[in-house]
Structure formats: C-alpha cells, structure tokens
Amino acid sequence: MSKIVVLTGAGMSAESGIRTFRDSNGLWEEYDVMEVASIDGWHKNPELILRFYNERRKQMFDCQPNKGHLLLAGLEKSFDVQIVTQNVDNLHERAGSTHVLHLHGELTKARSSMYPSLVYNIGDKEIKIGDKCEKGSQLRPYIVWFGEEVPAMEQAVPIVESADILCVIGTSLNVYPAAGLLHYARPGCPVFLIDPNPPHDLPRRVHVIAKGAGEGVEEFIIKVMSEK
Ligand code: OAD
C-alpha cells in the first residue's frame, strides 16, 4: 500500500469550531503567546496557564471532527495513512485515524513538571494547582511550549522521509521545527498543501489546493484515487 503522510495544523480543526492561532480572531490576538504557551510563562503564572488549557480542553470536547478529519480517517481503507499533527486536540483520533503523531502534545494528558517522562491520561478532567505526579511535583499540561524541545521530531522526520505522497493541511508554517518537516519529503514525492489562505514562498514542487480542510481533502482524495 502506498503511504500518505499528512501534516496538519490549526486550520485542520477550524471547521470544527476550534480557533486557529494566527488568523484574524486567532487565539494569539486575544492572549499573549509568551504568557500562556511558554516555559517562562509557566514559571511566572502557572494558574493562568492551567486555566488557558483547561478552557481549551473543555472546548475541544464540545467540538466534533469535521468532514476533513472523517475523510482522512476513511482514506486508511485505500492507503497507509500517517498523520503528523501540530494540534493538541484529539479530533483525528475521534474521527477514526489510527496513526496519529502529536508534535506539540495532547490536551487529554498531563505530565509532571519535574519529570517529563511521567505522563498521565486525564481525558476531559481539569488540571489544578496542587494536582501532583507520583513523585510529588505539580502536574502541568502535556504541551510543548515555546522554549522547549520537540521530542516527537525524532519520529516525525523518518515518517515524512518515508512518504509516497505528502499532504500539508491548515498550517501557516511559522513554527519550527514542525514547519521544516515539509523539506524532508524525498525527491519525486508529490507534495500537496490545503489552505484557503496558503503561506507565501512555498517550494515550487508544492501543489496548492486553496480551499478549507473539508472541501480541500475531498479534492485531494479525488486526485490521489484517480492516480492510484
Ligand atoms: P496558525 O494559526 O499559525 O495557522 C493556521 C492556518 O490554517 C493558516 O494558514 C490559515 O490560513 C489556515 N486555515 C484557516 N482556516 C482553515 C480551514 N478552514 N481549512 C484549512 N486551513 C485553514 O496555526 P499552526 O500553523 O497550526 O503551538 O500553528 C503552529 C503552532 O503555533 C501551534 O501548534 C501552536 C501555535 O503557537 C504551540 O502552542 C506550541
């Protein structure tokens, strides 16, 4: 089976009602990214950060996977599909995708603030000040913040290198190292990008589908099925 690797960003979940970060009305217009999504912010004001991610988690459970998520899950019938997502929501999994790598963490997990390998499933539960790991240190969101390493890159690079087809959906390609993954597609691997407002300065090999995720994934699937 040919392998399709799909790199997704916040635009993938926009049609589910989850706000992106950098569009107008994006989250970073309302919040200071360094206050709510950086390791320095955590040291300064952990309550604010816990509240921010508790809200994101609650909102995520009020949202449903959209047509794009569902179509990608269905594509597993015809291709080996691997999703690599910058999103911290679980909408790919809830749509039925079975191979999902999260680069920036997951809202349904908490981790120890002292021992990064102590990670706990929390589902829809809130994290509060005073919630501790088994070794007694405060729990924090299982999110990769600005100023931190992205450990999942080690797995993501060989996944992208092994793609027969690469599809990038709904990311402004502003945040590294995730944005650099595109460049690991092997020579000759077709690269598609779905975004109603695509980033500028894309490599020439990229075929742009300037549509939202739902319609764009539908068009992408028609293309890859016709060339199968
Ligand atoms: P951005 O908010 O930077 O970019 C969202 C992209 O989605 C833009 O290019 C939009 O044009 C596109 N978009 C909007 N609506 C869409 C739709 N209906 N269908 C498809 N695309 C649509 O989000 P990311 O690139 O994902 O990290 O941001 C990367 C990282 O920056 C996030 O993981 C987060 C953030 O800070 C952390 O918090 C660590």
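Structure: see above.
Residues numbered from 1 in each chain as written. Predicted model: local features only at pLDDT ≥ 70, side-chain atom pairs only at ≥ 80, totals over all residues. Heavy atoms only, no water.

Chemist: Even after reading the chapter, I still don't get the packing of aromatic side chains, so can you show me in this structure?
Modeler: The way to describe two aromatic rings as a pair is by their centre distance and the angle between their planes. Throughout the structure, instances matching the rule amount to 7 aromatic pairs. Ring centres 4.8 Å apart and planes at 70° place the aromatic pair tyrosine 31 and phenylalanine 52 in the edge-to-face group. Here tyrosine 31 is found in the loop between helix H1 (27-30) and helix H2 (33-36), whereas its partner phenylalanine 52 is found in helix H4 (residues 46-62), with 21 residues between them in sequence. In terms of burial, tyrosine 31 and phenylalanine 52 fall into one category: buried. (Phe/Tyr/Trp six-rings, centres within 6.5 Å; stacked < 30°, edge-to-face > 60°. Helix = DSSP H or I, 4+ residues; strand = E, 2+ residues; numbered from the N terminus. Buried < 20%, exposed > 50% of the residue type's maximum accessible area, 1.4 Å probe, protein only.)

Chemist: Where do I start with helix H7 (residues 153-161) in this structure?
Modeler: In an α-helix, one turn spans 3.6 residues; hence positions three or four apart end up facing the same way. Residues of H7 that are buried include every one of Met153, Ala156, Val157, Ile159 and Val160, and no others. Down the axis of H7, the sector holding all buried residues measures 165°, keeping them to one side. Where H7 is buried, its residues meet strand E1 (3-8), strand E2 (80-85), strand E3 (100-102) and strand E7 (165-169). (Arc of directions from axis to C-beta. Contact = heavy atoms within 4.5 Å.)

Chemist: It is not clear to me how the pattern of salt bridges should be interpreted in this structure. Could you clarify?
Modeler: As enumerated under the stated definition, the model contains 7 salt bridges in all. The shortest N-O distance in the salt bridge between arginine 19 and glutamate 30 comes to 2.9 Å. Taken together, the residues span a long stretch of sequence, with arginine 19 in the loop between E1 and H1 and glutamate 30 in helix H1 at a distance of 11 residues. Residue arginine 19 is classed as partly exposed on the basis of its relative accessible area, which comes to 26%. Taking the relative accessible area as the measure of exposure, glutamate 30 reaches 48% and is therefore partly exposed. Close ionic contact of arginine 186 with aspartate 164 constitutes a salt bridge, the shortest N to O distance being 3.2 Å. (Salt bridge = Lys/Arg side-chain N within 4 Å of Asp/Glu carboxyl O.)

Chemist: Explain the packing of helix H5 (residues 67-74) against helix H8 (residues 213-226) to me, please; I cannot follow it from the model alone.
Modeler: The axes of two packed helices give the description: the angle between them and the distance between them. Contact geometry for H5 and H8: axes closest at 7 Å, N-to-C directions at 25°. Comparing their axes, H8 and H5 come out roughly parallel. Each of Lys67, Gly68, Leu71 and Leu72 in H5 lies in contact with H8, whose residues at this interface are Ala213, Gly214, Val217, Glu218 and Ile221. Class assignment for the residues of the contact of H5 with H8 results in 5 nonpolar, 2 polar and 2 charged. (Axes fitted to C-alpha atoms, helices over the stretch in contact; angles between N-to-C directions. Parallel < 35°, antiparallel > 145°, perpendicular 65-115°, else oblique. Nonpolar A, V, L, I, M, F, W, Y, C, P; charged D, E, K, R; others polar.)

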